[in-house]
Amino acid sequence: MKNIVVIGSGTMGNGIAHVFAQHDYRVNLVDISAEALKKALATIEKNLDRQVSKGSIDEAVKKQTLANISTFTSLKDAITQADLVVEAATENVDLKLKIFKEMDELAPANAILATNTSSISITKMAAVTSRPEKVIGMHFMNPVPVMKLVEVIRGYATSDAVTETIMDLSKKLGKTPTEVNDYPGFIANRILMPMINEAIYSLYEGVAGVEEIDTVMKLGMAHPMGPLQLADFIGLDVCLSILNVLYEGFGNPKYAPCPLLMNMVTAGHKGVKSGQGFYSWTHGTKDLVVADNFKK
């Protein structure tokens, strides 16, 4: 397995392409926008420069990593020699189903089709293909070049051989793969998102302020960042989408998203990506500044 296709050049897609290319796989990075691909390559080069400055790689590895990546705006042109296709598009079920149909039609018959989804059913995506036994989840963590975990999700029909292949491949990337089964939210988000939602409910109900909630979880539970700060980094729209998947998948009210979260997303306050969430992200420093809406 040497030829990897990554569909989607956003934060996760360019990180996945970076990691495969750094481990000397040939990567075709696909996006509908040439401008997005240009931005992705610039991000990858910036992240490689950071690795060089820290001494974790040298200039030769950086150059070879970049040389291992080719960009395409046509999936048909990119996928003909693929051994593995990793879909890393927006977390939208209809879009992912459309992409999986195209992947299945265009990829070689022996290619494995993977998705980086953080919550959407692997089995549902596999069902629109002619090779459900070759469909699997590879849920990388953000930032991909840094985080060690890959959540490997088996769909209902995923074969043992494909699962073993992806587990072994993840180890070759220097990652720690963990096998889980295909139920809403898998493991990472089934546990993380209710925690974030409960933190938002605690703010909504006036139990404590933004800084106080995050401080309790950082100092009391040894979390590297508080749940509200983490939600801003993930994207409040993404958090809402995953909670809706959990709520609809289980039909359990404990997964119902907090009304405050729904209001913030409706208002366009999506966290870091929009510049405003529970914190303000437009002041140009690394200091945490609580958003005006939540200042006492």
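Rules used throughout
- Residues numbered from 1 in each chain as written.
- Predicted model: local features only at pLDDT ≥ 70, side-chain atom pairs only at ≥ 80, totals over all residues.
- Heavy atoms only, no water.
- Phe/Tyr/Trp six-rings, centres within 6.5 Å; stacked < 30°, edge-to-face > 60°.
- Helix = DSSP H or I, 4+ residues; strand = E, 2+ residues; numbered from the N terminus.
- Lys NZ or Arg CZ within 6 Å of the ring centre and 35° of its normal.
- UniProt positions renumbered as here; feature names shortened; annotations may be inferred.
- Pairing = 2+ DSSP bridges.
- Right-handed = clockwise from strand over helix to strand, strands pointing away.
- Salt bridge = Lys/Arg side-chain N within 4 Å of Asp/Glu carboxyl O.
- Buried < 20%, exposed > 50% of the residue type's maximum accessible area, 1.4 Å probe, protein only.
- Contact = heavy atoms within 4.5 Å.
- Axes fitted to C-alpha atoms, helices over the stretch in contact; angles between N-to-C directions.
- Parallel < 35°, antiparallel > 145°, perpendicular 65-115°, else oblique.
- Nonpolar A, V, L, I, M, F, W, Y, C, P; charged D, E, K, R; others polar.
- Left-handed = near helix turned anticlockwise from the far one by under 90°.
- Patch = residues over 30% accessible without salt bridge, like charges linked within 9 Å, V, L, I, M, F, W, Y side chains within 5 Å.
- Areas by Shrake-Rupley, 256 points an atom, 1.4 Å probe, with all protein chains shown as cover.
- Lys, Arg positive; Asp, Glu negative; His and termini not counted.
- Charge placed at Lys NZ, Arg CZ, Asp CG, Glu CD.

Would you mind going over the packing of aromatic side chains with me for this structure?
Each aromatic ring pair is specified by the distance between its two centres and by the angle formed by the two planes. This structure, assessed with the given rule, holds six aromatic pairs. A centroid spacing of 5.2 Å and a plane angle of 65 degrees characterise the contact between Phe-233 and Trp-281, whose relative ring orientation is edge-to-face. Within this pair, whereas Phe-233 is found in helix 10 (residues 227-234), its partner Trp-281 is found in the loop between strand 9 (279-280) and strand 10 (289-290), the two being separated by 48 residues in sequence. In this structure, Lys-2 is placed above the aromatic ring of Tyr-25, and the distance from its NZ or CZ to the ring centre is 4.9 Å.

When you look at the UniProt feature "domain: 3-hydroxyacyl-CoA dehydrogenase C-terminal" (unreviewed entry) in the protein in this model, what are you seeing that I'm missing?
Here the UniProt-annotated "domain: 3-hydroxyacyl-CoA dehydrogenase C-terminal" (unreviewed entry) positions come out as residues 185-281. A distance of 28 Å separates the end C-alpha atoms of residues 185-281, which is 62% helix and 2% strand.

Where do I start with the pairing of strand 8 (residues 176-181) in this structure?
In summary, the side chains of a regular strand alternate between the two faces of the sheet. Of the pairings in the sheet, the one linking strand 7 (residues 149-154) to strand 8 comprises six bridges and is parallel in character. Each residue of the ladder has a partner; that of Val-150, found in strand 8, is Pro-177. With respect to chirality, the unit in which strand 7 leads through helix 7 (residues 160-172) into the neighbouring parallel strand 8 is right-handed.

Would you take a moment to explain the pattern of salt bridges for this structure?
Where charged atoms from two side chains of opposite charge come close, those side chains can pair. In the structure shown here, the tally under the stated rule is 12 salt bridges. For the salt bridge of Glu-133 with Lys-134, the shortest nitrogen-to-oxygen distance reads 3.6 Å. Two residues, Lys-295 and Asp-292, come together in a salt bridge whose shortest N-O distance is 3.3 Å. Note on Asp-292: relative accessible area 55%, which makes it exposed. Each of Glu-45, Asp-49 and Lys-62 takes part in one network of salt bridges that share partners.

How should the side chain of Ser-118 be read in this particular structure?
If you trace the backbone, Ser-118 turns up in the loop between strand 5 (112-115) and helix 6 (122-126). Not counting residues up to four positions away in its chain, the partners in contact with Ser-118 are Glu-91, His-139, Gly-185, Phe-186, Asn-189 and Ile-242.

What exactly am I supposed to notice about the UniProt feature "domain: 3-hydroxyacyl-CoA dehydrogenase NAD binding" (unreviewed entry) in the protein here?
Under the UniProt annotation, the feature "domain: 3-hydroxyacyl-CoA dehydrogenase NAD binding" (unreviewed entry) is placed at residues 4-182. Measuring from the first to the last C-alpha atom of residues 4-182 gives 24 Å, for a span that is 44% helix and 22% strand.

How do you make sense of the packing of helix 8 (residues 188-204) against helix 12 (residues 259-266) when you look at a structure like this?
Between helix 8 and helix 12, the least distance of the axes is 8 Å, while the angle of their chain directions is 90 degrees. The orientation of helix 8 relative to helix 12 falls into the category roughly perpendicular. Every residue of helix 12 that contacts helix 8 at Ile-200, Tyr-201, Leu-203 and Tyr-204 is listed here: Pro-259, Leu-260 and Leu-261. Looking at the contact of helix 8 with helix 12 residue by residue, the classes come out as seven nonpolar, no polar and no charged.

Sorry if this is basic, but what is going on with the packing of helix 1 (residues 11-22) against helix 2 (residues 34-54) here?
Close contact between helix 1 and helix 2 brings their axes to 10 Å; oriented N to C, the two are set at 55 degrees. Our classification of the angle between helix 1 and helix 2 gives oblique. The way helix 1 lies across helix 2 gives a crossing that is right-handed. Contacts between helix 1 and helix 2 involve Asn-14, Ala-17, His-18 and Gln-22 from the first element and Ala-40, Thr-43, Ile-44, Asn-47, Leu-48 and Gln-51 from the second. For the contact of helix 1 with helix 2, the per-class residue count stands at four nonpolar, six polar and no charged.

Mind showing me how you'd approach a positive patch on the surface here?
On the surface, a cluster of positive charge is contributed by Lys-46, Arg-50, Lys-54 and Lys-286. Structurally, the position occupied by Lys-54 is in helix 2. For Lys-54, a relative accessible area of 67% corresponds to the exposed category.

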